[in-house]
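Next come the chains, spelled out residue by residue.
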Amino acid sequence: MRITMDLQQGAEHNTMDISGQADGSNQKGRMTSTSEGTLTNMVVAGKMYGMGDVRFWTSSGVPSAEAHRRVGKYLVKVATPTKTARTYLAESLGEFDDAAGQSTTHPATYQGEAAIKVTSTSDPGYWFAVTADPSHRPLEAHLPGADMTFSSWNAVTPFTAPPASQIYGG
């Protein structure tokens, strides 16, 4: 599956693009923040690889010289991600539910696919669409200032670990 998010809050602009298996066993994500830089995470075969730009590392408290040495290299740790694509999905729909309150449901067509659109009765700026089939796969969620799309269900090519030349040695 693939999840993309675009969030604008004042001068802060955040984007997220996560692809891979919904259970987090194989995925790659890129998160960018105006103030905190860019981080790319990848999970392959039980290892998590993380690569950030200078702004990401320095905003995380890494001294400038060390931050520059890390650019273009992945740091590796044996772990599972704290947030999988499924976690982002659950959190996003939970936030929608908290913010939207009561809602209405009606049939819709989304990118040529039969869908169900759920819209907040108190604020039509809150809505999400799911497929009309029994799986009810999420297609898109919209909150004021943020759009999130869900696509490529069961269609993302598995990721492979980065080559040794891209691994940071410290």
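Along each chain, the written sequence defines residue order, and numbers are assigned to residues from 1. Predicted model: local features are reported for residues with pLDDT of at least 70 only, side-chain atom pairs are reported and counted for 80 or more only, and whole-chain, interface and lining totals are derived from all residues. Values reported for side chains reflect all heavy atoms of the structure, with hydrogen atoms and water molecules removed beforehand.

So, the overall build of the protein chain
Secondary structure follows DSSP: runs of H or I at least 4 residues long count as helices, runs of E at least 2 residues long count as strands, and numbering of each begins at the N terminus. What the protein chain contains, in helices and strands, is three helices and eleven strands. Mapped from its N terminus to its C terminus, the protein chain presents α and β elements in the order β-β-β-β-β-α-α-β-α-β-β-β-β-β. Among the 170 residues that make up the protein chain, the fraction classed as buried is 39%. Contacts: residue pairs with any heavy atoms within 4.5 Å of one another. In the protein chain, once contacts between residues fewer than 6 apart in sequence are set aside, the share between residues at least 24 apart is 38%. For the protein chain, the exposed area adds up to about 9,200 Å²; of that, 54% sits on carbon and sulfur atoms. Relative accessibility thresholds used throughout: buried, under 20% of the residue-type maximum; exposed, over 50%; partly exposed, between the two (1.4 Å probe, protein chains only). Note on areas: these come from Shrake-Rupley sampling with a 1.4 Å probe, and a residue is covered only by the protein chains present in the view.

Quick notes on the nonpolar core
Core analysis: the biggest nonpolar cluster contains 14 residues, and Ile 3, Met 16, Met 148 and Phe 150 have the highest contact counts within it. At the level of elements, strand S1 (2–9), strand S2 (12–20), strand S9 (127–131) and strand S11 (146–151) are the ones that each hand at least two residues to this core. Here, the term nonpolar core denotes a set of buried Ala, Val, Leu, Ile, Met, Phe, Trp, Tyr and Cys residues that are joined through side-chain atoms within 4.5 Å.

As for unusual backbone geometry
In the Ramachandran plot, Ala 45 falls in the positive-phi region, its phi being about 50 degrees despite a non-glycine side chain. Summarising the element assignment, Ala 45 is placed in the loop between strand S4 (37–44) and strand S5 (47–52). Although it is not a glycine, His 136 adopts a positive phi angle of roughly 50 degrees. Along the chain, the position of His 136 falls in the loop between S9 and strand S10 (138–143).

With respect to the environment of Met 1
With respect to the element layout, Met 1 can be found in the segment before S1. Judged by its relative accessible area of 5%, Met 1 is buried.

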